[in-house]
Amino acid sequence: MKVTESTSLYDNLELMEVIELLQNINQEDQKVPLAVKEVIPVIAKLVEAIVPRMERGGRLIYIGAGTSGRLGILDASECPPTYGVPFDWVIGLIAGGDKAIRKAVENAEDDSEQAWKDILEYGFNVDDTIIGIAASGSTPYVIGGVKTARKNGLLTASITCNPNSLLSKEVDYAIEAVVGPEFVTGSTRMKAGTAQKLVLNMISTTVMIKLGRVKGNKMVDMQLSNAKLVQRGTNMIMEATGVDEATAKSLLLSEGSVRKATAYFYSKKH
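Residues numbered from 1 in each chain as written. Predicted model: local features only at pLDDT ≥ 70, side-chain atom pairs only at ≥ 80, totals over all residues. Heavy atoms only, no water.

Caption draft 1: Inspection of the side chain of Gln196 at higher detail. Along the chain, the position of Gln196 falls in helix H7 (residues 191-210). In this structure Gln196 comes out as buried when scored by relative accessible area, which is 1%. The residues contacting Gln196, other than those within four sequence positions of it, are Ser68, Leu71, Ile133, Ala134, Ala135 and Ile159. (Helix = DSSP H or I, 4+ residues; strand = E, 2+ residues; numbered from the N terminus. Buried < 20%, exposed > 50% of the residue type's maximum accessible area, 1.4 Å probe, protein only. Contact = heavy atoms within 4.5 Å.)

Okay, here's the thing in structure tokens:
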């Protein structure tokens, strides 16, 4: 039996008090970062392979179904506002298309040919990296996608929560964060989903840092999409240049990013 489908370590959940349920869920959740820690060496090798490919114009493409697909879309959608990169640098694809983000699409994950078709909607680039996300490691949509991608010379990886899965066997880098049975048997949106989210955060953040999208520890290319982010950017410019708040804000709004505003300030000063 797959680890992700194995029986919960807890029984009679409906008889537990609310506080007991929450404490037990939390106890299980604490196992997740430890499982992720074990796969850091594989994640590191993957990131080191992704960065030069993206420097040559490749994209990072996530494919998944259900929760796994939604997590990939979440990570991809947050890269442009956080790092100021084009929307198609990091792409999230889900079995069943965008409508499956909110509502399950029947049998979509069982089509082993559709993922590659979805990838080709964004064109073909030999420097692309395809990461298949599937807690079980057995989703046909994902397996078919990475298998075809690999045959076409693309770099491939997987994020699963079962050891030695079918998906792991079809990729260049297999990340297997084995978190154990779920609190509710088979509910992989819980620990498995948390593990996948942590791994995705690690991959995209590290890639963006190595691509130069962070300076010091600051998001200098973030999009100024609301008042909070404008204020954050203003504070960053004040810290970097020593100018007052009004000047910093004016620089930020005229130049469009913390990086450009700071560069402009020092170009004029020197």
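From this point on, the discussion continues.
Caption draft 2: Looking closely at the pairing of strand E1 (residues 60-64). Of all the five residues making up E1, five are buried; the element is thus mostly covered by neighbouring parts of the structure. The alternating pattern of E1 places Leu60, Tyr62 and Gly64 on one face and Ile61 and Ile63 on the opposite face, and all of these are buried. Alignment of E1 against strand E2 (residues 90-94), held across five bridges, turns out to be parallel. Residue pairing in the sheet places Ile61 in a bridge with Ile91 of E2. Handedness of the β-α-β unit built from E1, helix H4 (residues 66-83) and E2 comes out right-handed. For E1 and strand E3 (residues 129-133), the ladder comprises five bridges, and the chain directions are parallel. Residue Ile61 lies in a different strand from E3, and its bridge partner there is Ile130. (Pairing = 2+ DSSP bridges. Right-handed = clockwise from strand over helix to strand, strands pointing away.)

Caption draft 3: Broad picture of the packing of helix H8 (residues 227-241) against helix H9 (residues 245-255). Their axes nearest at 8 Å, the elements H8 and H9 cross at an angle of 115°. Our classification of the angle between H8 and H9 gives roughly perpendicular. As H8 packs across H9, the resulting crossing turns out to be right-handed. In contact with Val230, Gln231, Gly233, Thr234, Ile237 and Met238 of H8, H9 contributes Glu245, Ala248, Lys249, Leu251, Leu252 and Leu253. Grouping the amino acids of the contact of H8 with H9 by side-chain chemistry returns seven nonpolar, three polar and two charged. (Axes fitted to C-alpha atoms, helices over the stretch in contact; angles between N-to-C directions. Parallel < 35°, antiparallel > 145°, perpendicular 65-115°, else oblique. Left-handed = near helix turned anticlockwise from the far one by under 90°. Nonpolar A, V, L, I, M, F, W, Y, C, P; charged D, E, K, R; others polar.)

That is the geometry; function is a separate question.
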